[in-house]
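Structure assessment
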Amino acid sequence: MHEFNRRSLMTGLMSGALVLGLDPITKGWVTGANAAGPFDSVPALDGTLRTDAASLDAAADDFGHIVHHRPLAVLEPGSVQDVVKMVKFCRRHGIPVAGRGQGHSTNGQSQVAGGLVIELAPLSGIEISGRRASVGAGALWNTLLQATLPRGLTPPVLTDYIDLSVGGTLSAGGLGGQIGHHGAQVDNVLELEAVTGAGRLVTCSPTSRAPLFYALLSGRGQVGIITRATLRLVPAPETVRYYNLFFATLPELTAVQRALIGSGRFDYVEGQLQSQPDGTWKYMLEAVAYGATAADDARLTGDLGATSLTAADQAYYDFANRIGPIVDILKSLGEWTRPHPWLDSLLPASAVDELVAGALPTLTPATVGFSAVILLYPIDTAKLRAPLLRMPDERYAYLFSILRTASPGVADPAAMTAANLAFYETARARGGSWYPIGTLPLTPQDWKRHYGPVWPAFKLAKRTYDPDGILTPGQGIF
Ligand SMILES: Cc1cc2nc3c(=O)[nH]c(=O)nc-3n(C[C@H](O)[C@H](O)[C@H](O)COP(=O)(O)OP(=O)(O)OC[C@H]3O[C@@H](n4cnc5c(N)ncnc54)[C@H](O)[C@@H]3O)c2cc1C
């Protein structure tokens, strides 16, 4: 294993065996162990730069298990200054760089062939003051929630699965069932600290360096590596009442979802489409009321027209972490490590019923796998403010996610990816968009179309803050 950190440099200095000299450009030490590679001279670091095969292989994989781009090195920063030093180093040497949170994207977005992957997990400190949390970008939302709950507080919006990194979801958007009240996670950020592609450590907010702030939020790592975020917190409920309500038809489900998201009756609204053994589908609304009890059932659900429902009281943390135990089961079944060609499309309300009804007959175990989940839930686009989180151009949109798993004996990931592209094209023709965390290999032309009116500003931000274009090539945008 090759590791470069302050201790190994000191060892080299002391022994005189490893260190060949001071690089005049980088002021770092050239080590004999790796003198032939681009990382032959790195500045002294508080953390560790790994070049061993196991670290490189791990960084060449993600939750998709489809794309594999091997970096030349992986940085485990011991400080934010390590990120600054290595981004500057990489810029000087023309080496591409990508940040990595938990590697839960599915199409190589956090990978970088022949470059440097910066693991953000070591930067995970959390400080809470009043209703604000200052959080290292590598912290998990789960860890943050466990830190805020003893103070009776919570982040306003949580993703369904909370073992995702703060920096990773802020780079994507961060969608969850509370979106109707609070917008996406990116709409609840007060300040960001980041290292730009030029190697500058900067802080920014809606009132200070706003163009950078809004190019970092949902910015897919294109203009900077987020190292710290200051987040808004709101009072947390102790318990929630969690309803699953079933509707006879798809249009009934989407109409009720749309009505509820604007009504304030529930604190959380999502939904799922569940395939049945006889080929039919169940249309399920997931709705949560904070602090409600069985005594509220009639008031909350009596007039919704559901054919059946279940309801359960849960501690708020158990509700927020409800996917954790499911993930444990998927891991024990080996499904977690299979390819996941996921598609997360965003459909305009005017076309959602038609587009989803058209897709459902194509969603069979052969095309989605055995542990697939199909999500369908509404978004009030008026609540969203981050310009780079692109939505259909209507007041209400729907997240329609086809979370495929290439289980053994079903279609291969390539066929699933082709199906994603086919659905995306159909949806796009009807005003649809996509939430770019999944497996949809787009061309730069597609990206330009995706960003539409905000493309010129995004391109300008890229040129300004990442002038040599070294950041996050795995997104395939520029
Ligand atoms: C089981 C599961 C459930 C999910 N549920 C939801 C959900 O409910 N809602 C939702 O919105 N999303 C959801 N996602 C998607 C998730 O938000 C994205 O995959 C997100 O990118 C994951 O964060 P990560 O820490 O794994 O990021 P990574 O996959 O490590 O990184 C994603 C991208 O962001 C870049 N990046 C990472 N950290 C930084 C940083 N600090 N600064 C700059 N760039 C960075 C990477 O280079 C990469 O391009 C889910 C994913 C999984 C696997």
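Up top you'll find the structure we're talking about.
The structure displayed is predicted, hence computed values, not measured ones.

1. What about the sheet that holds strand β9 (residues 126-129)?
Strand order in this open sheet of five strands is β9-β10-β14-β12-β13, and the pairing throughout is antiparallel. If you trace the sheet from one side to the other, it starts and ends with β9 and β13 (201-204), each paired once. Mean inter-strand twist for the sheet, computed between neighbouring axes without regard to direction, equals 15°. Of the pairings in the sheet, the one linking strand β12 (residues 189-196) to β13 comprises four bridges and is antiparallel in character. By the bridge assignment for β13, Val195 is matched with Leu201. Lying on the sheet, helix α4 (residues 141-148) is in contact with β9, β10 (132-136) and β14 (224-232); it crosses β9 at an angle near 40°.

2. Comments concerning the pattern of salt bridges
In this structure the tally under the stated criterion is 15 salt bridges. Between Asp380 and Arg395 there is a salt bridge; the shortest N-O distance is 2.6 Å. Of this pair, Asp380 sits in strand β21 (residues 373-380) while Arg395 sits in the loop between β21 and β22 (396-403); the two residues are 15 residues apart in sequence, bridging distant segments of the chain. Here Asp380 falls in the buried class, since its relative accessible area comes to 2%. Since its relative accessible area comes to 47%, Arg395 is described here as partly exposed. The residue Arg449 makes a salt bridge to Asp446 at a minimum N-O spacing of 2.7 Å. Taken together, the residues Arg449 and Asp446, both in helix α15 (residues 444-451) and three residues apart, mark about one turn of the helix. Of the residues examined, Arg449 reaches a relative accessible area of 44% and is grouped as partly exposed.

3. Digging into the packing of helix α8 (residues 250-263) against helix α12 (residues 352-359)
Between two packed helices, both the angle of their axes relative to each other and the distance between the axes serve to describe the pair. As a packed pair, α8 and α12 sit with axes 10 Å apart at the nearest point and diverge in direction by 140°. Taken together, the axis directions place α8 and α12 in an arrangement best described as oblique. α8 and α12 meet at a crossing whose hand is right-handed. Note on element contacts: α12 touches α8 through Val352, Asp353, Val356 and Ala357, opposite Leu250, Pro251, Thr254 and Arg258. A class-by-class count of the residues in the contact of α8 with α12 yields five nonpolar, one polar and two charged.

Rules used throughout
Residues numbered from 1 in each chain as written. Predicted model: local features only at pLDDT ≥ 70, side-chain atom pairs only at ≥ 80, totals over all residues. Heavy atoms only, no water. Pairing = 2+ DSSP bridges. Helix = DSSP H or I, 4+ residues; strand = E, 2+ residues; numbered from the N terminus. Axes fitted to C-alpha atoms, helices over the stretch in contact; angles between N-to-C directions. Contact = heavy atoms within 4.5 Å. Salt bridge = Lys/Arg side-chain N within 4 Å of Asp/Glu carboxyl O. Buried < 20%, exposed > 50% of the residue type's maximum accessible area, 1.4 Å probe, protein only. Parallel < 35°, antiparallel > 145°, perpendicular 65-115°, else oblique. Left-handed = near helix turned anticlockwise from the far one by under 90°. Nonpolar A, V, L, I, M, F, W, Y, C, P; charged D, E, K, R; others polar.

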